Structures are given as structure tokens and as C-alpha cells.
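Structural features, examined
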Amino acid sequence: MKVEGDFVRGMTGKSGVDMSIVKSIATLAKGLGIRTVGEYVESEDILKAVEGVGLTYAQGFHVGVPSPELIIAEHPGTFDS
């Protein structure tokens, strides 16, 4: 399940609304056994927030530029264990 990038990008904002939304999505998906992808991971702070709420994967310019190749396990932007 992809988590909308606008929510992911806003996770480190002051209001806390986006963080709450992404946490809720991550919790629901985990309970249903669904893997998640956080879009728009554009900084180390956002990457840490995505990992902290338990999203499975991160997608965005901070973890890699767009490519026709799919890279999963070897990339530091994945949290699958």
C-alpha cells in the first residue's frame, strides 16, 4: 500500500496531523499483513520518521533517483525484516 507523499512529507511538520495519519495507516496495514511504501522521502528526517512509524519501504529522492530498475533488499531505505 502506498502512503500518499503529501502526508509523508508533512510527518516532520509542527501540527502532528500528518504524522498521526501515517501512523494510523502503518498500524492498520501491519495488522492486515500489508506492506507499505512511504512516498516523497526527501530528507534524512523524513526517512527516520517513516522508519519510526513502521512503514515497510521508503521511496523518494533521499533514498534514490527514479530508475527503471527495482532495488529492494540492498538499499538502506528499506525496513523490511
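Values in this document were obtained by computation on a predicted structure and should not be read as measured data. (Residues numbered from 1 in each chain as written. Predicted model: local features only at pLDDT ≥ 70, side-chain atom pairs only at ≥ 80, totals over all residues. Heavy atoms only, no water.)

Let's talk about the sheet that holds strand β1 (residues 2-3)
Note the threshold: The pairing criterion for strands is at least two bridges between them, as found by DSSP. A run of H or I in DSSP counts as a helix once it spans at least four residues, and a run of E counts as a strand once it spans at least two, with each numbered from the N terminus.
What the three strands build is an open sheet, ordered β1-β2-β3; its pairing is parallel. Every interior strand has two partners, whereas the edge strands, β1 and β3 (57-58), have only one. Pairing geometry for β1 and strand β2 (residues 37-38), over two bridges, is parallel. Paired with K2 across the strands is V37, a residue of β2.

With respect to the side chain of E39
As a reminder, the rule being used: Only heavy atoms enter the contact rule, under which two residues are in contact if any of them lie within 4.5 Å.
In this structure, E39 sits in the loop between β2 and α3 (44-53). When near neighbours in sequence (up to four residues on either side) are disregarded, E39 contacts K2, V3, E4, G5, V8 and Q59.

Considering unusual backbone geometry
Trans is the prevailing form of peptide bonds, just as negative phi is the prevailing case for residues other than glycine. The phi dihedral of Y40 is positive, around 60°, even though this residue is not glycine. With respect to the helices, strands and loops of the structure, Y40 is situated in the loop between β2 and α3.

A look at helix α2 (residues 17-32)
Each turn of an α-helix holds 3.6 residues, which means side chains three or four residues apart point in the same direction. The condition that has to hold: A helix's residues, less one, multiplied by 1.5 Å, set its expected span. Three labels apply to residues, based on accessible area from a 1.4 Å probe with only protein chains included: buried if under 20% of the type maximum, exposed if over 50%, partly exposed otherwise in between. By definition, the arc is the one covered by directions from the helix axis to the C-beta atoms.
Here α2 contains 16 residues, and its C-alpha end-to-end distance of 23 Å stays within 8% of the 22 Å for a straight helix at 1.5 Å per residue. Regarding α2, the residues found buried are D18, V22, A26 and A29. In a view along the axis of α2, the buried residues occupy a sector of 70°, so they form one face of it. Of the exposed residues in α2, those oriented more than 90 degrees away from the buried face are T27, L28, G31 and L32. Looking at the buried residues of α2, the elements they touch are β1, α1 (5-9) and α3.

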